[in-house]
Amino acid sequence: LPTSVEKLARRVLLQSAAKHGGARGTAAALSALDLLDVGSQKNAAPSSGPSPYASRSTKLIDLYYESKAQLLNKLLNRLTLPTSVSAADATSVANAAEFILSKIVLILQYDVILHPYQIFVQRNFPVTNGSENDATEEMKAINNKIVNDIMSSM
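Now for a quick tour of the structure. In this numbering scheme, every chain counts its residues from 1 along its sequence in written order. With pLDDT at 70 or above as the cut-off, local features in this predicted model cover only qualifying residues; side-chain atom pairs require 80 or more to be listed or tallied, and sums for whole chains, interfaces and linings still use all residues. Only hydrogens and water are set aside when side-chain values are computed; all heavy atoms of the structure are taken into account.

For the rest of this paragraph, the subject is the packing of aromatic side chains. Two aromatic rings, drawn from Phe, Tyr or Trp (for Trp, its six-membered ring), form a pair once their centres lie within 6.5 Å of each other, and the interplanar angle then sorts them: stacked below 30 degrees, edge-to-face above 60, tilted otherwise. Going through the model one piece at a time under the given rule, you end up with two aromatic pairs. Centre to centre, the rings of Y64 and Y65 are 5.4 Å apart; their planes meet at 85°, and the pair counts as edge-to-face. Measuring from centroid to centroid gives 5.9 Å for Y64 and F120, while their planes differ by 75°, and the two rings are edge-to-face. Residue Y64 is located in helix α3 (residues 52-78), and its partner F120 is located in helix α4 (residues 87-122); the two are separated by 56 residues in the primary sequence. Secondary structure elements are defined from DSSP: runs of H or I of at least 4 residues count as helices, runs of E of at least 2 residues count as strands, and each element is numbered from the N terminus.

Have a look at this one:
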């Protein structure tokens, strides 16, 4: 069972957070990976280096950003143009490129900037029990407020 949970959590991290409940789904995957790794941290020999909690948090942040880098790399690889494109195919190639670029921008906005801020800095992310449409509007409002707060502090 732990192997299956670990595979599922890693699969969640390798996809856009929009597919798995936003920051909440990503935090759940990170939490599962952290809880599965607790046993190996307890059995490790004590060292005079940084505390085990610091290394665990660093490991989770590294894992998060490595998974998002892999996702972006996969999308960038899909962005390559064919060597010969006819005039009729040029429009479809341009539309496909625009779609991929829009996914990349959304991943950068949410998965690389907003959600890590909510998970690792605030340690709080929107969770609602209302209907899906109300939750979507509420999450948009909360996300806009957070983005404005971040931008105003720069």
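Every definition here rests on a 1 Å grid over the protein atoms only: cavities are sets of points where a 1.4 Å probe fits but cannot get out, pockets are open sets enclosed by protein on both sides within 12 Å along at least five of seven lines, and lining residues have some atom within 4 Å of a point. Grid points are joined across faces, edges and corners, and a volume is the space filled by probe spheres set on the points. What the second largest pocket holds in volume is close to 240 Å³. Taken together, eleven residues line the second largest pocket, and the ones lying closest to its centre are L30, L60, I119, F120 and R123. When contributions to the lining of the second largest pocket are tallied by element, the ones reaching two or more residues are α2 (22-43), α3 and α4. Nonpolar residues are Ala, Val, Leu, Ile, Met, Phe, Trp, Tyr, Cys and Pro. Charged residues are Asp, Glu, Lys and Arg, and all others, Gly as well, are polar. In terms of residue class, the lining of the second largest pocket is made up of seven nonpolar, three polar and one charged.

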